[in-house]
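Architecture at a glance
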Amino acid sequence: MMKQLIVLLSFTLGMCVQNVPAQKKEFTEVIRKELEVNNATESSLVIKNVFGSIDVEGYSGRTIQIEVKRSIEAENPSDLELGKAELQLKITEQPNRVIIRPDAPYIEFDEDKLRYRWCDNSYDLGYEHNLNIKVKVPNTMLIDVSTVNNGEVLVENTQGRFLKAENINGGITLNNI
């Protein structure tokens, strides 16, 4: 009887363990950078995100203050390390223009046309990612921001002569524009 009970308990415990999902592995970091702006009225900020939110706030300063929360989730440690190595934040400084966007082997971005040529659809990611981007800019800068998934777009306190805000699968809020 005792032997049958042990076998039954072992079997039941084994079934319970099989039904427990593996915990996802997570990595988060905050990236900060500050850039000088010589002529804010003639300079533009371009943010082209894919996964994550964008917050842009105008202020009376002369620098672009960037804060990005980079988050990666994976089912196992090796995929998490792959995500940490592959997904990067790319900041391109050009005369009178700053471009902020994700960069990875499976992302193709045309900096002249400011759009993605979406990439290798056969590339199977073993991880999920978000770049939540917050930027303070001189309030007279030209703004062009967009995201696609997992986020909202907020632009506030800007007075520049150009503003373009796009979001495919989320909301857009414009305050004090």
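Scope of this entry: the structure provided in the associated data block.

Notes on the overall build of the protein chain
Regarding its fold elements, the protein chain presents 2 helices and 13 strands. For the protein chain, restricting intrachain contacts to residue pairs at least 6 apart in sequence, the fraction spanning at least 24 positions comes to 63%. On the protein chain, roughly 10600 Å² of surface is accessible, and the fraction owed to carbon and sulfur atoms is 49%.

As for the pairing of strand S10 (residues 142-147)
For S10, the buried fraction is high: 6 of the 6 residues fall into the buried class. Here S10 shows a buried face lined by Leu-142, Asp-144 and Ser-146 and a second buried face lined by Ile-143, Val-145 and Thr-147. Strand direction decides the pairing type here: strand S2 (residues 44-48) and S10, joined by 5 bridges, are parallel. By the bridge assignment, Leu-45 is partnered in S10 with Ile-143. Bridge analysis of S10 against strand S12 (residues 163-167) gives 5 bridges, and the strand direction is parallel.

Quick word on the pairing of S2
Burial analysis of S2 places 5 of its 5 residues in the buried class, the great majority of the element. Side chains Ser-44, Val-46 and Lys-48 project from S2 onto one buried face, and the interleaved Leu-45 and Ile-47 project onto a second face that is buried too.

Digging into the environment of Leu-45
Along the polypeptide, Leu-45 turns up in strand S2. Separated by 54 residues in the primary sequence, Leu-45 and Ile-99 have C-alpha atoms spaced 6.2 Å apart.

Rules behind the numbers
Residues numbered from 1 in each chain as written. Predicted model: local features only at pLDDT ≥ 70, side-chain atom pairs only at ≥ 80, totals over all residues. Heavy atoms only, no water. Helix = DSSP H or I, 4+ residues; strand = E, 2+ residues; numbered from the N terminus. Contact = heavy atoms within 4.5 Å. Areas by Shrake-Rupley, 256 points an atom, 1.4 Å probe, with all protein chains shown as cover. Buried < 20%, exposed > 50% of the residue type's maximum accessible area, 1.4 Å probe, protein only. Pairing = 2+ DSSP bridges.

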